[in-house]
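What follows is the residue order along each chain.
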Amino acid sequence: RWQAHVRYVGPLAFAPDGNTIASAGTDRRIRLWDVGSGHQRQSMIKSGVDTLLFSPDSRRLMSAAYREMCLWDVASGAQQRLWTANGIAMAPDFRTVAVPDIQAGVLRLVDSVTAKLLHQLPEYRADLSPEIEIYVATMGRKDFRSDFSPTFSADGRLLMAGGDAGVLAAIYLWDVASAKKTPALINPKVFIPQGVAISPDGRFLAALRSDRKMCLLSAETGELIRVLGEA
């Protein structure tokens, strides 16, 4: 046990190698600690951090705050990359970053190391509020947030994001490598956008239907496979 931050400690993260803990606090600092000794290795200035995540090789650290994502070098504490936008998402393998541009209506896939633009996904839409109103009326809830943030599958192969094709606003799945949209989609008039999950093997989607039934869908086609029960 050791003193970590002045006042409060916020998010924590263990490095996959088990040797380092990252912490963020209200003292506007991200601190890296040696697990065995409790000694501080690095201290980086950054405020408002609500998420910390290490790369699989424990060499990089991602910090996320409101409208901002940073990538840090663990050994030196140097900031490597900075992106600013609403709903930025990092792939689990730390190779790709999804950066929304709401005004342009596109979702940019960027190489996290080189910052090179890999793909630009068209017809991006974060706000599904017209459809959300249906859920509020159906479920009697008043606290729904309308924005849907992009989500990578565990293997980084698929990206789930809101899109707009004509009059239909929906959640689509994209193949990250090819930037091709798959046939599968989640219709916000039928399923609750918030909380949709991709299975670890990328084969299935779990989504809450507007009648409060949890459903299992095919990630390849979007077809209903099984109704699991009431949430």
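About the criteria used
- Residues numbered from 1 in each chain as written.
- Predicted model: local features only at pLDDT ≥ 70, side-chain atom pairs only at ≥ 80, totals over all residues.
- Heavy atoms only, no water.
- Salt bridge = Lys/Arg side-chain N within 4 Å of Asp/Glu carboxyl O.
- pLDDT = per-residue confidence, 0-100.
- Helix = DSSP H or I, 4+ residues; strand = E, 2+ residues; numbered from the N terminus.
- Contact = heavy atoms within 4.5 Å.
- Buried < 20%, exposed > 50% of the residue type's maximum accessible area, 1.4 Å probe, protein only.
- Polar contact = N/O pair within 3.5 Å; in protein donor to acceptor, adjacent residues only side chain to side chain.
- Phe/Tyr/Trp six-rings, centres within 6.5 Å; stacked < 30°, edge-to-face > 60°.
- Lys NZ or Arg CZ within 6 Å of the ring centre and 35° of its normal.
- Pairing = 2+ DSSP bridges.
- Axes fitted to C-alpha atoms, helices over the stretch in contact; angles between N-to-C directions.
- Core = buried A, V, L, I, M, F, W, Y, C linked by side-chain atoms within 4.5 Å.

Some remarks on the pattern of salt bridges
This structure, assessed with the given rule, holds nine salt bridges. Close ionic contact of Asp-211 with Arg-209 constitutes a salt bridge, the shortest N to O distance being 3.0 Å.

Focus: the confidence of the model for the chain
Averaged over all residues, the pLDDT of the chain equals 89, while 90% of them reach at least 70. Helix H1 (residues 129-139) is the least confidently modelled element of the chain, averaging 48 in pLDDT, while strand E5 (residues 51-54) averages 98, the highest of any element. Here residues 131-138 is modelled with pLDDT under 50, and outside its nearest four sequence neighbours on either side it reaches 23 contacts, counting other chains as well.

Regarding the side chain of Ser-218
Mapped onto the fold, Ser-218 is located in strand E19 (residues 213-218). Assessed through its relative accessible area of 14%, Ser-218 is described here as buried. Engagement of the side chain of Ser-218 in a polar contact is seen with the backbone nitrogen of Thr-221, the distance being 3.2 Å. Excluding residues within four positions of it along the chain, Ser-218 makes contact with Ala-184, Arg-203, Leu-205, Glu-223 and Ile-225.

A look at the packing of aromatic side chains
Applying the stated criterion across every chain, the model contains one aromatic pair. Between Trp-2 and Trp-33, the aromatic rings sit 5.7 Å apart at their centres with planes inclined by 45 degrees, giving tilted as the arrangement. Residue Trp-2 is located in the segment before strand E1 (9-14), and its partner Trp-33 is located in strand E3 (residues 29-34); the two are separated by 31 residues in the primary sequence. The class for Trp-33 is buried, based on a relative accessible area of 6%. The ring centre of Tyr-172 lies 4.1 Å from the NZ or CZ of Lys-181, which sits over that ring.

A look at the sheet that holds strand E4 (residues 40-45)
Strand order in this open sheet of four strands is E1-E2-E3-E4, and the pairing throughout is antiparallel. Every interior strand has two partners, whereas the edge strands, E1 and E4, have only one. Averaged over all neighbouring strand pairs, the angle between strand axes comes to 20 degrees, with direction disregarded. Bridging between strand E2 (residues 20-25) and E3 involves six bridges; their strand directions are antiparallel. Residue pairing across strands places Gly-25 opposite Arg-29, the latter belonging to E3.

Side note on the nonpolar core
If you look at the biggest cluster of nonpolar residues, it comprises 16 residues, and the most contacted ones within it are Met-160, Ile-171, Ile-186, Leu-205 and Leu-217. Sorting the residues of this core by element identifies strand E14 (158-165), strand E15 (168-175), strand E18 (204-208) and E19 as the ones contributing at least two each. With residues up to four places along the chain from it excluded, the contact list for Ile-171 reads Leu-128, Phe-148, Met-160, Ala-161, Gly-162, Ala-184, Leu-185, Ile-186, Pro-193 and Val-196. Judged by nonpolar contacts, the second largest core, of 15 residues, contains Ala-89, Ala-91, Phe-152 and Val-176.

Some thoughts on the pairing of strand E20 (residues 224-230)
As defined by bridge partners, E19 adjoins E20 across five bridges and the pair is classed as antiparallel. Within E20, the residue paired with Lys-213 across the bridge is Glu-230. Here E19 folds back onto E20, and the loop between the two strands holds five residues, one of which, Gly-222, carries a positive phi near 85 degrees.

Remarks on the sheet that holds strand E8 (residues 79-83)
Strand pairing in a sheet is mediated by backbone hydrogen bonds. Such pairs are either parallel or antiparallel. One open sheet holds the four strands; their spatial order is E5-E6-E7-E8, and the pairing between them is antiparallel. The open sheet has two edge strands, E5 and E8, and neither has a second partner. The mean inter-strand angle of the sheet, taken between neighbouring strand axes irrespective of direction, is 15 degrees.

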